[in-house]
Amino acid sequence: MKLFYKRIRVDAETLRFYAECPICGKKQYGARIPLICRNVRTLARCADGRANKLSQSAFNHAKVKATQQLALRFNQCRHCYQWVCDDCYDNTDALGACRDCFQKNER
Ligand SMILES: [Zn+2]
Ligand SMILES: [Zn+2]
């Protein structure tokens with residue numbers, strides 16, 4: 001989960017947190033950015049962890065929520081440990097594998 005938390009990004013246009021599948025590049029959107037963090041400069045500072053206490057804690061809280069939400073729509077490959085979307089994940093592998101690793105194992 002900690003690894004996945006680092007993959008959560010901020011989309012300044014939709015003002016939502018999102019995660020991107022490293023294989024197909026598809027984005028999945030999660031929780032909204034808190035109101036007090038939406039100012040462009042505040043948002044940039046929040047993303048860097050340099051905002052004022054109030055904004056930063058609201059931001060961190062929302063990010064944890066987004067991580068939990070988005071983790072349900074992603075799967076961690078047991079071979080390379082990257083987080084991929086449902087389309088890029090193969091459950092027929094004994095442990096669960098992403099499309100890259102599944103193809104490697106088949107050869
Ligand atoms: Zn994918
Ligand atoms: Zn993999």
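Procedures and definitions
Residues numbered from 1 in each chain as written. Chains lettered and ligands numbered in written order. Predicted model: local features only at pLDDT ≥ 70, side-chain atom pairs only at ≥ 80, totals over all residues. Helix = DSSP H or I, 4+ residues; strand = E, 2+ residues; numbered from the N terminus. Expected span 1.5 Å × (residues − 1). Buried ≥ 20, exposed ≤ 12 C-beta atoms within 10 Å, placed from the backbone. Arc of directions from axis to C-beta. Contact = placed C-beta atoms within 7 Å. Core = buried A, V, L, I, M, F, W, Y, C linked by C-beta atoms within 7 Å. Pairing = 2+ DSSP bridges. Axes fitted to C-alpha atoms, helices over the stretch in contact; angles between N-to-C directions.

Observations regarding the environment of Leu95
Moving on, step 1. As for its position among the elements, Leu95 is in the loop between strand E6 (89–90) and strand E7 (97–98).
Moving on, step 2. For the pair Leu95 and Cys77, spaced 18 residues apart in sequence, the C-alpha to C-alpha distance is 8.1 Å.

Focus: helix H3 (residues 53–71)
Moving on, step 1. Over its 19 residues, H3 extends 27 Å from the first C-alpha to the last, a length consistent with the 27 Å expected when each residue adds 1.5 Å.
Moving on, step 2. The set of residues buried in H3 consists of Phe59, Lys63, Ala66, Thr67 and Leu70. Buried residues of H3 fall within an arc of 105 degrees about the axis and therefore sit on the same side. Across H3 from its buried face, at more than 90 degrees, point the exposed residues Lys53, Leu54 and His61.
Moving on, step 3. Packing partners of the buried residues in H3 comprise helix H1 (2–5), strand E2 (16–20), strand E3 (27–32), helix H2 (40–48) and strand E4 (74–76).

Notes on the nonpolar core
Moving on, step 1. Ranked by internal contacts, the top residues of the largest apolar core, which has 20 residues, are Phe74, Cys77, Val84, Cys85, Cys88 and Cys98.
Moving on, step 2. Where this core is concerned, the elements lending two or more residues are E2, H3, strand E5 (83–85) and E7.

Things to note about the sheet that holds E2
Moving on, step 1. An order of E1-E2-E3 is seen for the three strands of this open sheet, with the pairing classed as antiparallel. Each edge of the open sheet is held by one strand with a lone partner, namely strand E1 (9–11) and E3. Ignoring strand direction, the axes of neighbouring strands in this sheet form an average angle of 40 degrees.
Moving on, step 2. In this fold H3 packs onto E2 and E3, with an angle of close to 140 degrees to the strand it touches most, E3.

Let's talk about the pairing of E2
Moving on, step 1. Of the two faces of E2, only the one carrying Phe17 and Ala19 is buried; Arg16, Tyr18 and Glu20 on the other face are not.
Moving on, step 2. For E1 and E2, the ladder comprises three bridges, and the chain directions are antiparallel. Bridging from a neighbouring strand, Val10 pairs with Phe17 of E2.
Moving on, step 3. In this structure, the hairpin formed by E1 and E2 is closed by a connection of four residues, where Leu15 is found at a positive phi of approximately 55 degrees.
Moving on, step 4. Pairing between E2 and E3: four bridges, direction antiparallel. Bridge assignment links Ala19 to a residue of E3, and that residue is Gln28.
Moving on, step 5. Linkage of E2 to E3, two consecutive antiparallel strands, is achieved through a turn of six residues, within which Gly25 is found at a positive phi near 80 degrees.

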